[in-house]
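# Observations on the model geometry
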Amino acid sequence: MARLPWLATAYAPMLTLDQHLASHGALIGATPYAFATGTAQALSAIHASGVVHRDVKPQSVILTPPGTWTSASRMPPTAPP
């Protein structure tokens, strides 16, 4: 059994929000609304699973194409870290 709880997430090889803003400028049109909705849904899902997050900031938010998502799952306590 692991001494400390831990979490693994799927790898998303996409830009972070700050990288996107630096390369492409501000989110425009309906994109900010879609971003806000997706972020709220993601935070709601991780809170519902009992995860407490830190550092929700542009450098740690990964943008995925519309219609795609990644999931985070609790690993079983016997899983190796």
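Residues numbered from 1 in each chain as written. Predicted model: local features only at pLDDT ≥ 70, side-chain atom pairs only at ≥ 80, totals over all residues. Heavy atoms only, no water.

The next subject is the overall build of the protein. A count of helices and strands for the protein gives two helices and two strands. Along the chain direction, N to C, the helices and strands of the protein fall in the order β-α-α-β. Counting across all 81 residues of the protein, residues that qualify as buried make up 9%. (Helix = DSSP H or I, 4+ residues; strand = E, 2+ residues; numbered from the N terminus. Buried < 20%, exposed > 50% of the residue type's maximum accessible area, 1.4 Å probe, protein only.)

Taking 1.5 Å as the rise per residue, helix α2 (residues 31-48) with 18 residues should run 26 Å; its terminal C-alpha atoms sit 25 Å apart, in good agreement. Remark: glycine 50 follows α2 within two positions and exhibits a positive phi of approximately 90°. (Expected span 1.5 Å × (residues − 1).)

A separate point is the confidence of the model for the protein. Looking at the protein, the pLDDT average stands at 77 and 79% of residues meet or exceed 70. Per-residue pLDDT, averaged within each element of the protein, yields its smallest value for strand β2 (residues 72-74) (40) and its largest for helix α1 (residues 17-24) (93). Across residues 71-81 the pLDDT falls below 50, and counting only partners more than four positions away or on other chains, this stretch makes 20 contacts in the model. (pLDDT = per-residue confidence, 0-100. Contact = heavy atoms within 4.5 Å.)

Bringing the side chain of threonine 16 into the picture now. Within the secondary structure layout, threonine 16 lies in the loop between β1 (7-9) and α1. Here threonine 16 is in contact with Pro58, Gln59, Val61, Ile62 and Leu63, once residues within four sequence places are set aside.

If you trace the backbone, histidine 20 turns up in helix α1. Measuring from C-alpha to C-alpha, the distance between histidine 20 and proline 58 comes to 9.3 Å, with 38 residues separating the pair along the chain. Those residues in contact with histidine 20, other than ones at most four positions away along the chain, are Leu15, Gly25, Leu27 and Leu63.

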